[in-house]
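# Remarks on the overall topology
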Amino acid sequence: MRAPDTAQDAVIVDAVRSPVGRGHAEKGVFRDVHPADLLGQCYQGVLARAGADPLAIDNVITGCANQIAEQSSGIARSAWLQKGLPATTGATTVDIRCGSGQQAAHFATSSIRAGIDRAVIAAGVEHMGRNGFRVNQGSQEQWGRAFTAELHSRYGLVSQGEAAERLADAYRISRAEMDEFSALSHQRAAAAARDGHLGREIHPIDADGVKVDADQGIRPGSTPEALAALKPVFARDGKVTAGNSSQISDGAAAVLLTSAQFARDTGLRPRARVVDQVVLGVDPVEMLTGPIAATRRILERNGMSISDIDAIEINEAFASVVLAWQREFRPDMDRVNSWGGAIAIGHPLGATGARLLTTVVNRLEITDSRFGLVTICCGGGLGTAMLIERL
């Protein structure tokens with residue numbers, strides 16, 4: 001493990017997220033909020049909470065999975081400028097699918113450690129109600145469709161839902177296990193909301209004059225029995241349903257990282273430091289095993305075991321992703337997604353990585369713990385992991 005608190009360590013000063021809304025054209029609380037506005041309000045929120053001078057921010061790096069339509073043309077920059085923030089700040093939008101918000105934090109950390117930047121906001125945004133999974137398909141020219149067909153032919157690619165079914169089969173995960181885990185996600189999220197834990201990390205959003213300060217997708221009354229009544233989505237006799245998969249959502253999050261030296265010089269109070277980070281590839285067909293490989297690598301590289309990690313956030317893209325990961329590492333599941341996950345809260349693709357970092361920092365503080373891990377599976381066969389230490 002790297003020596004702590006060197007001058008060029010990347011530290012997390014503060015982090016906020018929006019409430020997560022349903023990605024629904026009629027029922028979503030953010031249906032009329034432009035994604036740049038959603039993101040821009042989170043920029044403002046993290047600056048205000050940290051007490052940071054916007055002029056001191058060297059760069060903003062924002063994850064966004066579907067950079068088209070309202071999320072095109074460099075949303076990291078347009079959201080910053082829309083809120084009247086300094087034009088001298090650089091901006092980059094990144095995409096590694098579901099891990100985009102986490103990769104934004106990886107890039108920010110690398111830039112700070114290299115001495116290139118002193119203060120960076122790593123963020124993420126996705127408005128799936130207006131820019132859903134298939135938003136790119138209608139814009140592809142013939143050469144784009146041909147290229148995609150060749151890629152699928154070369155690897156025999158399947159959808160993420162089919163990959164989730166394969167993962168459940170490979171690890172002998174039953175439908176009942178998946179539904180039980182999914183109900184628990186809702187119950188944990190409802191308890192965390194009731195106890196004020198989720199409110200601690202949420203920056204309220206002005207949605208056309210209406211203050212939104214709570215997640216929309218949590219169903220406190222969710223039970224395994226109710227989830228068992230849902231039909232499979234990806235295979236006639238399958239196990240994956242809408243109830244044991246992540247929700248289609250709208251949301252944003254923002255994390256302020258600086259060098260340890262810059263924080264000291266400017267009187268900012270770091271909450272955690274980044275210990276290590278990983279992005280790697282796995283079989284693009286199986287695809288959802290990324291968190292297993294990424295977790296294994298980051299633990300081995302730092303001479304740690306899963307029992308050393310106090311707070312773990314693994315994205316609940318599908319229940320089978322978390323349960324397969326559980327079978328590999330056998331962690332104390334009370335330490336895993338203990339405030340619920342994407343099955344209950346939602347999964348706004350590009351924002352999720354930054355949201356999970358926000359959550360894990362708060363969990364470490366609430367439980368007076370030391371180490372946190374965030375890991376995500378990404379479309380195309382990628383896995384991310386970030387290890388942090390509370391300060």
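My aim in this report is to walk through the structure given alongside it, one point at a time. (Residues numbered from 1 in each chain as written. Predicted model: local features only at pLDDT ≥ 70, side-chain atom pairs only at ≥ 80, totals over all residues. Heavy atoms only, no water.)

In this section: helix α11 (residues 319–329). Counting buried positions along α11 yields 8 of 11 residues, so the element is predominantly enclosed. Of the positions making up α11, those classed as buried are Ala-319, Ser-320, Val-321, Val-322, Leu-323, Ala-324, Trp-325 and Phe-329. Against α5 (160–170), α6 (175–194), α10 (290–301), β10 (311–314) and β11 (371–378) lie the buried residues of α11. Backbone geometry just after α11 places Arg-330 at a positive phi near 50°. (Buried < 20%, exposed > 50% of the residue type's maximum accessible area, 1.4 Å probe, protein only. Helix = DSSP H or I, 4+ residues; strand = E, 2+ residues; numbered from the N terminus. Contact = heavy atoms within 4.5 Å.)

As a further point, take the nonpolar core. Side chains that are nonpolar tend, in soluble globular proteins, to be buried together. Counting residues in each nonpolar core, the largest one holds 42 residues, and the members touching the most others are Leu-288, Ile-309 and Trp-325. Those elements that provide at least two residues to this core are α5, α6, β9 (272–281), α10, β10, α11, β11 and β12 (382–390). Of the residues forming this core, the biggest block, 7 residues, is contributed by α11. Among all residues touching Ile-309, those that are not within four sequence positions of it are Leu-299, Met-304, Arg-335, Phe-371, Gly-372, Leu-373 and Leu-387. By size, the runner-up hydrophobic cluster in this structure holds 37 residues, among which are Leu-47, Ile-57, Ile-121 and Leu-256. (Core = buried A, V, L, I, M, F, W, Y, C linked by side-chain atoms within 4.5 Å.)

Our focus in this paragraph is the packing of aromatic side chains. One pass over the structure, following the stated rule, counts 3 aromatic pairs. Between Tyr-43 and Trp-80, the ring centres sit 5.4 Å apart and the planes meet at 70°, which makes this aromatic pair edge-to-face. Remark: Trp-80 occurs in helix α2 (residues 75–82) and Tyr-43 occurs in helix α1 (residues 35–50); sequence separation between them is 37 residues. We note that Tyr-43, like Trp-80, is buried. With centroids separated by 5.4 Å and ring planes inclined at 45°, the aromatic side chains of Trp-325 and Phe-329 adopt a geometry described as tilted. With a gap of 4 residues between them, Trp-325 and Phe-329 both fall in helix α11, about one helical turn apart. Each member of the pair Trp-325 and Phe-329 is classed as buried. (Phe/Tyr/Trp six-rings, centres within 6.5 Å; stacked < 30°, edge-to-face > 60°.)

A few words on the environment of Arg-172. Position of Arg-172 among the secondary structure elements: in the loop between α5 and α6. Separated by 152 residues in sequence, Arg-172 and Ala-324 have C-alpha atoms that sit 8.8 Å apart.

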